[in-house]
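Residue strings, one per chain:
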Amino acid sequence: MDVHNKETRSYNMSCIKGKNTKPEEIVRKYLFSHGLRYRKNDKKLPGTPDIVLPKYKTVIFVNGCFWHGHENCRYFVVPKTNTEFWTNKIETNRQRDNRKINDLKRLGWNVIVIWECQLKKYVIEDTLNAVLNGILHEND
Ligand SMILES: [Zn+2]
């Protein structure tokens, strides 16, 4: 007999899969530890931002360098095969990103984009500090 109900099982799975903490989780934990409270993946907002801080009217996207086409980034390299397919796909993602950022700004949100490469070991502290400052001092 399976003693786990569906919720429990999927929770266990996510724990196992989450062994390498996802970039957006790292950011969330950091903000939480500094007393900031947020909503996750708010579908009511354009682009479903990864982190929403209503109190500071700020949203945060954590973008993978490849999928979102981080310009001049060494982690964004267009594959040598199917180059045209990838170029088009990433360009589409880029345009969608720009559109949702503009939509959010028009709605009065402060938008912060964090790239995955900015969360690498040697830069993560600076990045998170800057993000925190950006949130806290936006309305000064
Ligand atoms: Zn990057």
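Cut-offs applied
Residues numbered from 1 in each chain as written. Predicted model: local features only at pLDDT ≥ 70, side-chain atom pairs only at ≥ 80, totals over all residues. Heavy atoms only, no water. Helix = DSSP H or I, 4+ residues; strand = E, 2+ residues; numbered from the N terminus. Contact = heavy atoms within 4.5 Å. Buried < 20%, exposed > 50% of the residue type's maximum accessible area, 1.4 Å probe, protein only. Arc of directions from axis to C-beta. Donors = N, O, S within 2.8 Å, 3.2 Å for Na, K, Ca; no water.

*Asks:* Can you explain the side chain of Asp50? Please cite residues and give values.
*Replies:* Along the polypeptide, Asp50 turns up in the loop between strand E1 (39-40) and strand E2 (51-53). Not counting chain neighbours up to four residues away, the residues in contact with Asp50 comprise Glu24, Arg28, Arg39, Lys40, Asn41, Ile60, Phe61 and Val62.

*Asks:* Describe helix H2 (residues 23-33), naming the residues involved and giving the relevant values.
*Replies:* Along H2, the residues that are buried comprise Glu24, Val27, Arg28, Tyr30 and Leu31. The buried residues of H2 all sit within an arc of 165° when viewed along its axis, so they share a single face. Among the exposed residues of H2, those pointing more than 90 degrees away from its buried face are Lys29 and Ser33. Buried residues along H2 sit in contact with E1, E2, strand E3 (58-63), strand E4 (110-115) and helix H4 (124-136).

*Asks:* Explain the coordination of the zinc ion to me, using residue names and the numbers behind them.
*Replies:* Only Cys65 (SG), His70 (ND1), Cys73 (SG) and Cys117 (SG) from the protein reach the zinc ion as donors, at distances of 2.0 to 2.4 Å. Classification of His70 as buried rests on a relative accessible area of 15%. The buried category is assigned to Cys73, whose relative accessible area is 11%.

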